[in-house]
Amino acid sequence: MVDKRIEYIAEKMSQEGKDIYLAMILPYKTGYANYVFQTDKPDIQARRIKNLDKNFRRLLTEPYFWIQPMSQDSANQIAAWTYPAPYDFYDMVADEEDLAQLLSQSIRDNTYFEVIRNGALFGFATFFSKKDHLEIGLGMKPDQTGQGLGVNFYQAIEDYARKNFDCQVLQLSVASFNQRALALYQKVGYEIAESYQQATNGGEYPFIKLQKNLKEWEVRCQQNLRKSKNWRRSKR
């Protein structure tokens, strides 16, 4: 019944709205279907579908991110993600321990979160509170990488961390070969703390640990803002 309602709604939408709706995670699709069919009056159903279509198409220019505890369905999907070489290093199946943690609901609780963009599974984040910092891990859906969405993806995760964890220092690690990720983290305020060997994927590999002091970053941003304002005044 629900699948038929989802299909019915999708067929009544524009192609853009349909694509966005069908890409959403199942709870979202089901929730919207239940909303449309709260009434059995066709004219009201049609009006609701029209409004949903309009709102979905707005997401093309005004995307939104939402972070929530990872569901088992999302964990299963993430476990099957495959990246092109050399980023296949990050395939979950490449490390049995990482894969087991991902698929275990008891281990995931309060640490593994799914990142939703426009209602669709976009990536994931992990949060581990340490004595003097918050350790963050993250991964983006393979078909979304390389499209210039990294900063927004990361910022959504940092914003969630700021709101939900008592922390002033953020820490994450990246494989040394992943210069793309390293450049992104440095762009958003991280500084290299150390290089080390990490046991993973059946061997040991060089990794880089980075840290971001939130207070220091905010001060730096404020200083840069003042410099920018002063520069604009000097050009008048």
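Note that the structure is a prediction, hence the values are computed from the model and not measured.

The contact between helix H1 (residues 2-11) and helix H2 (residues 15-23) brings their axes to 8 Å, and the two run at 155°. Taken together, H1 and H2 sit at an angle that is classed as roughly antiparallel. Touching Ile6, Ile9, Ala10 and Glu11 of H1 are Lys18, Tyr21 and Leu22, all from H2. Counted by class, the contact of H1 with H2 contains 5 nonpolar, no polar and 2 charged residues.

All chains considered together, the criterion is met by 0 disulfides. The cysteine Cys167 is free of any disulfide, with Cys221 supplying the nearest cysteine sulfur at 16 Å. Given a relative accessible area of 11%, Cys167 falls into the buried group.

This part is about helix H4 (residues 42-58). With 17 residues, H4 extends 24 Å from end C-alpha to end C-alpha; this agrees with the ideal 24 Å at 1.5 Å per step. Looking at H4, one finds that the buried residues are Gln45, Arg48, Ile49, Leu52, Asp53 and Phe56. Relative to the axis of H4, the buried residues are bounded by an arc of 140° and lie together on one face. Packed against the buried residues of H4 are H1, H2 and helix H3 (26-36).

Moving on, we get to the packing of aromatic side chains. Evaluation of the coordinates by the stated rule reveals 21 aromatic pairs. An aromatic cluster is built from Tyr87, Phe89, Tyr90, Phe177, Tyr196, Tyr205 and Phe207, whose rings are joined through pairwise contacts. Just above the ring of Tyr35 sits the side chain of Arg48; from NZ or CZ to the centre is 4.6 Å. Stacked on the ring of Tyr196, the Lys or Arg Lys209 has its end atom at 5.1 Å from the ring centre.

Tracing the chain through its elements places Gln45 in helix H4. If sequence neighbours within four positions are ignored, Gln45 has contacts with Val36, Phe37, Thr39 and Asp40.

Here the focus is helix H8 (residues 150-164). Across its 15 residues, H8 extends 21 Å between first and last C-alpha, which sits within 8% of the 21 Å expected from 1.5 Å per residue. All buried positions along H8 are accounted for by Gly150, Phe153, Tyr154, Ala156, Ile157, Glu158, Tyr160 and Ala161.

Next up on the list: the confidence of the model for the protein. With 96% of its residues at a pLDDT of 70 or more, the protein has an overall mean of 93. Looking over the protein, one finds the lowest element-wise mean pLDDT in helix H10 (residues 214-234), namely 75, and the highest in strand E2 (residues 112-117), namely 98.

Right, let's get into the packing of H1 against H3. For the pair H1 and H3, interaxial distance at closest approach is 9 Å and the crossing angle is 80°. Judged by the inter-axis angle, H1 sits roughly perpendicular to H3. On H3, the residues touching Val2, Arg5, Ile6 and Ile9 of H1 are Leu26, Lys29, Thr30, Tyr32, Ala33 and Val36. Its residues assigned to classes, the contact of H1 with H3 shows 7 nonpolar, 1 polar and 2 charged.

With that settled, consider the pattern of salt bridges. Oppositely charged side chains can pair when the atoms bearing their charge come close. The final tally for this structure, using the stated rule, is 6 salt bridges. In this structure, Arg57 and Asp53 form a salt bridge, with 3.3 Å as the shortest nitrogen-oxygen distance. Placement of both Arg57 and Asp53 in helix H4 is noted, with a separation of 4 residues, approximately one turn of the helix. Arg57 sits in the partly exposed class, given a relative accessible area of 35%. Owing to a relative accessible area of 9%, Asp53 belongs among the buried residues under this scheme. Across the salt bridge formed by Glu158 and Lys212, the nearest N and O atoms sit 2.7 Å from each other. Residue Glu158 is found in helix H8, and its partner Lys212 is found in strand E7 (residues 203-213); the two are separated by 54 residues along the sequence. Its relative accessible area of 2% is what places Glu158 among the buried residues. Under the relative-accessibility criterion, Lys212 is labelled buried at 1%.

Thresholds, definitions, all that
Residues numbered from 1 in each chain as written. Predicted model: local features only at pLDDT ≥ 70, side-chain atom pairs only at ≥ 80, totals over all residues. Heavy atoms only, no water. Axes fitted to C-alpha atoms, helices over the stretch in contact; angles between N-to-C directions. Helix = DSSP H or I, 4+ residues; strand = E, 2+ residues; numbered from the N terminus. Parallel < 35°, antiparallel > 145°, perpendicular 65-115°, else oblique. Contact = heavy atoms within 4.5 Å. Nonpolar A, V, L, I, M, F, W, Y, C, P; charged D, E, K, R; others polar. Disulfide = S-S within 2.5 Å. Buried < 20%, exposed > 50% of the residue type's maximum accessible area, 1.4 Å probe, protein only. Expected span 1.5 Å × (residues − 1). Arc of directions from axis to C-beta. Phe/Tyr/Trp six-rings, centres within 6.5 Å; stacked < 30°, edge-to-face > 60°. Lys NZ or Arg CZ within 6 Å of the ring centre and 35° of its normal. pLDDT = per-residue confidence, 0-100. Salt bridge = Lys/Arg side-chain N within 4 Å of Asp/Glu carboxyl O.

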